[in-house]
Amino acid sequence: MKLLVRVIEAKNIPAMDPNGFSDPYVKLSLGKQKFRSKVVKKCLNPSWCEEFAFRVDDLKEELIISVLDEDKYFNDDFVGQIKFQVSQVFEANDKSLGTAWYTLQPRHKKAKNRDCGQILLTICFSQSNTLADLQSAGDHGPPSKRLSDVATEPPSLSSNGPLRSSSPLRSEEAASSKEEKPQAQTFAGRLAQIFNKNGDAVSATNVKAPDITVTPESASTAASENAQEEQSTSGNFQELIKSMEAREQGSEVSNLPGVVVDQLYAIAPHELNSFLFSPDSTFFKSLADIQGSTELRIGPWKLENGGESLKRVVTFTKAASRLVKALKTTEDQTYLKADGKSFALSVIVSTPDAPYGSTFRTELLYNITPGPELPSGEQSSRLVVSWRMNFLQSTMMKGMIENGARQGIKESFEQYANLLSQNVKPVDAKDIGSEKEQVLASLEVEHQSDWKLAFQYFANFTVISTFFIGIYVFLHILLAMPSTIQGLEFVGLDLPDSIGEVIVCGVLVLQGKRVLELISRFMRARVQKGSDHGIKAQGDGWLLTVALIEGNNLAAVDSSGFSDPYVVFTCNGKTRTSSIKFQKSNPTWNEIFEFDAMDEPPSVLDVEVFDFDGPFSEATSLGHAEINFVKTNITDLSDVWVPLQGKLAQACQSKLHLRVFLNNTKGTNVVKDYLSKMEKEVGKKIKLRSPQTNSAFQKLFALPPEEFLINDFACHLKRKMPLQGRLFLSARIIGFHSDLFGHKTKFFLLWEDIEDIQVESPTLASMGSPNVIMTLKPGKGFDARHGAKTQDEQGRLKFHFHSFVSFNVAHR
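Residues numbered from 1 in each chain as written. Predicted model: local features only at pLDDT ≥ 70, side-chain atom pairs only at ≥ 80, totals over all residues. Heavy atoms only, no water.

## A look at a nonpolar patch on the surface
A cluster of nonpolar side chains, contributed by Ile464, Phe467, Phe468, Ile471, Phe474, Leu475, Leu478 and Leu479, occupies part of the molecular surface with about 870 Å² of accessible area. Residue position: Leu475 is located in helix 11 (residues 461–479). (Patch = residues over 30% accessible without salt bridge, like charges linked within 9 Å, V, L, I, M, F, W, Y side chains within 5 Å. Areas by Shrake-Rupley, 256 points an atom, 1.4 Å probe, with all protein chains shown as cover. Salt bridge = Lys/Arg side-chain N within 4 Å of Asp/Glu carboxyl O. Helix = DSSP H or I, 4+ residues; strand = E, 2+ residues; numbered from the N terminus.)

Listed below in structure tokens is the structure:
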């Protein structure tokens with residue numbers, strides 16, 4: 001008896017890495033059986049869509065599902081876990097817990113961070129490795145195939161091995177594998193088993209299985225689906241979309257790595273969505289005719305998981321190409337988002353009959369978002385179609401499969417874009433201005449009057465109670481008769497004569513002190529209502545523009561439960577300060593800040609949020625963040641939520657909504673100009689590297705396109721043992737790379753993070769060559785700490801390089 005566990009996705013995973021993201025994966029254990037999923041890099045809402053099969057010998061055993069954050073050089077960080085008793089699954093209806101969201105729990109009850117996120121799982125029992133009569137309801141991430149497809153374990157799969165597939169195998173494939181078992185002893189069959197250990201090998205000697213007889217129940221189900229399909233109309237589709245709009249929508253959907261279509265169209269987003277995906281639309285059928293696809297069958301849209309997700313299934317036979325025969329293809333289409341303005345549709349494409357077809361799935365994402373307003377006043381839409389390969393099993397043919405899929409998808413979506421352009425007018429972005437201009441023009445600053453600000457400060461219990469107590473004391477002084485001098489009193493000094501008077505005087509003094517502090521903060525607030533918003537940058541060069549949109553869940557440090565936040569941006573030693581938003585935990589700024597043009601592209605933008613606390617108190621930091629332009633593609637920063645670091649910010653999960661633009665106003669000669677300047681400083685001719693060399697350098701360290709290589713040298717990295725490698729120098733980084741018998745070491749440092757560079761004279765320990773010691777600033781470069789030799793008491797990392805082939809040139 002098998003326990004089948006399907007790990008679909010997770011959401012709201014806490015950030016475990018300094019970059020504000022995590023690299024989550026799932027570890028499953030049942031007794032001595034342990035499996036783990038793939039790692040999803042830099043994601044807080046990962047999607048796995050993997051299945052695992054456990055052999056159950058004892059119903060008293062416990063299934064433990066843990067989510068961890070991968071750390072390449074240190075122990076993996078624990079995120080959260082969930083535990084199930086096997087007997088709990090066995091005693092459930094149909095021996096299945098269905099598909100549901102589960103809240104991850106910390107390892108210890110006394111853990112500080114108890115918000116570990118949620119995970120979507122399907123857990124059920126199966127007598128013979130099958131997932132039958134189950135639906136993958138609640139599939140919010142990249143959709144998977146329905147679990148109602150029969151899953152049969154291949155013959156060569158071990159009894160306790162994981163069943164790794166985004167969707168179960170078809171019963172036809174299972175029958176085919178059973179028929180091929182007697183032929184496994186042939187040379188071709190044995191060779192196929194060697195190259196595909198999971199029994200999913202596809203070879204030219206495969207014998208097609210006979211068609212499986214359709215049972216009356218399945219026939220009736222098909223008939224009911226046909227009836228539903230006939231009843232599916234455009235009107236019903238719009239009603240289903242509206243029902244999704246009424247529900248709470250998640251965060252923005254990120255595009256997949258490979259983008260094949262990115263175009264603006266002169267049509268509203270909801271109209272484009274209906275044109276592409278409505279049941280009455282002829283676009284899909286026209287596309288199938290152009291591409292030569294046959295046997296097209298478009299299923300009806302259905303709400304699943306209590307109306308949380310909208311899905312349909314499309315099947316067709318893809319036309320044969322030069323390399324691949326005609327293939328039966330299944331597309332599982334699921335709406336990830338439909339809020340009336342933006343639409344995101346995820347598609348899982350399955351081609352089980354293709355060579356190694358059971359080892360991979362192709363994931364597509366159609367993302368429709370509102371575009372800029374056209375000069376005619378009409379709405380526009382931006383359509384982005386992206387894709388990626390999801391390998392369910394390891395295979396030696398991975399590179400060949402990816403290259404073939406990339407070429408096929410590119411050709412297919414060229415036809416897709418051409419057909420769409422014939423029906424919907426495309427828009428050239430140059431005709432409507434740049435994205436930066438459109439975004440900045442749409443921002444409107446919220447102006448706050450002095451009366452509204454005074455009301456926020458003084459409309460509270462402290463001020464009102466102090467006002468009434470003051471009136472009471474003033475009236476008492478007017479009405480009271482002079483009393484005789486007694487005790488230690490003298491003329492002009494009237495001390496309190498009772499406990500009640502002492503209490504009233506103490507309360508009045510304390511209240512008066514608090515009111516005076518409020519008045520001082522108000523007066524300072526009136527002076528600092530302005531900001532650096534609207535100050536234009538000067539000069540030609542690299543121009544940095546930051547649009548501060550809003551903040552979310554900022555920490556409250558005042559007794560009122562709110563804060564008075566403002567933001568300080570720092571880049572290349574220059575700062576820009578926003579206005580103060582008083583008594584807000586979710587402030588809206590809509591302010592634009594420009595930094596004066598810089599000769600070289602900036603490396604880092606520091607962002608810190610402070611709480612305004614009057615003229616005499618030091619501002620309290622509510623959180624900080626670092627935007628690294630070297631590690632991040634600038635196009636990804638055009639609309640980004642930045643999580644804040646710090647104790648207060650992480651406790652509240654604070655974040656800022658920013659739009660960052662970086663462009664060069666000097667044109668395309670920036671590389672030659674920079675090298676000419678460097679030649680004058682070092683006194684040596686520096687040759688310009690070829691585009692191929694620059695491209696390899698950028699790919700090696702995952703750098704943005706504007707980074708270019710200046711020079712590279714052979715050197716040793718000195719740690720416990722010297723490590724031979726190469727040192728790479730560019731305008732913003734210094735990087736080291738080595739490959740010793742397949743063990744790769746790679747890291748880079750920012751020039752501006754380096755505090756000091758020292759040169760040690762040659763010694764016997766340094767093999768007769770000088771040492772270059774680079775000391776970083778405190779708290780900097782910790783993502784490259786595996787290359788450091790020492791760390792001092794102030795937390796500064798020290799990197800030792802020596803044995804340069806041409807030391808004098810490298811030193812300059």
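## Thoughts on the sheet that holds strand 20 (residues 574–577)
Taken in spatial order, the four strands of this open sheet run 20-19-22-23, and their pairing is antiparallel. One side of each edge strand has no neighbouring strand; the edge strands of this open sheet are strand 20 and strand 23 (620–628). Sheet twist, expressed as the mean angle between neighbouring strand axes with direction ignored, is 20°. Looking at chain direction, strand 19 (residues 565–571) and strand 20 are connected through four bridges and run antiparallel. Within strand 20, the residue paired with Phe569 across the bridge is Arg576. (Pairing = 2+ DSSP bridges. Axes fitted to C-alpha atoms, helices over the stretch in contact; angles between N-to-C directions.)

## A short note on unusual backbone geometry
Excluding glycine, a negative phi dihedral is what most residues carry, and trans is how most peptide bonds are arranged. Positive phi values are uncommon outside glycine, yet Asn590 reaches one of about 55°. Structurally, the position occupied by Asn590 is in strand 21 (residues 588–598). The phi torsion at Ala702 lies on the positive side, around 55°, for a residue other than glycine. Along the chain, Ala702 turns up in the loop between helix 15 (691–701) and strand 26 (709–718).

## A look at the pattern of salt bridges
Close approach of charged atoms allows side chains of opposite charge to pair. Evaluated as defined, the whole model comprises 15 salt bridges. As a salt-bridge pair, Glu70 and Lys41 come within 2.8 Å of each other at their nearest N and O atoms. Note that Glu70 is positioned in the loop between strand 5 (62–69) and strand 6 (77–85) and Lys41 in the loop between strand 3 (33–36) and strand 4 (47–55), a separation of 29 residues in sequence. Look at Glu70 and you get partly exposed, because its relative accessible area is 24%. Measuring nitrogen to oxygen at the nearest pair gives 1.8 Å for the salt bridge that ties Lys631 to Asp783. Taken together, the residues span a long stretch of sequence, with Lys631 in the loop between strand 23 and strand 24 (640–643) and Asp783 in the loop between strand 31 (771–776) and strand 32 (790–791) at a distance of 152 residues. A relative accessible area of 38% means that Lys631 is categorised as partly exposed. Here the residues in one salt-bridge network are Arg689, Asp712 and Arg726, joined through shared partners. (Buried < 20%, exposed > 50% of the residue type's maximum accessible area, 1.4 Å probe, protein only.)

## Thoughts on the packing of helix 7 (residues 283–291) against helix 8 (residues 398–423)
The contact between helix 7 and helix 8 brings their axes to 10 Å, and the two run at 130°. When the axis of helix 7 is compared with that of helix 8, the two are oblique. Considering how the two elements wind past one another, helix 7 and helix 8 form a crossing that is right-handed. Between helix 7 and helix 8, the residues in contact are Phe283, Ser286, Leu287, Ile290 and Gln291 and Ser412, Gln415, Tyr416, Leu419 and Leu420, respectively. Among the residues forming the contact of helix 7 with helix 8, the class breakdown is six nonpolar, four polar and no charged. (Parallel < 35°, antiparallel > 145°, perpendicular 65-115°, else oblique. Left-handed = near helix turned anticlockwise from the far one by under 90°. Contact = heavy atoms within 4.5 Å. Nonpolar A, V, L, I, M, F, W, Y, C, P; charged D, E, K, R; others polar.)

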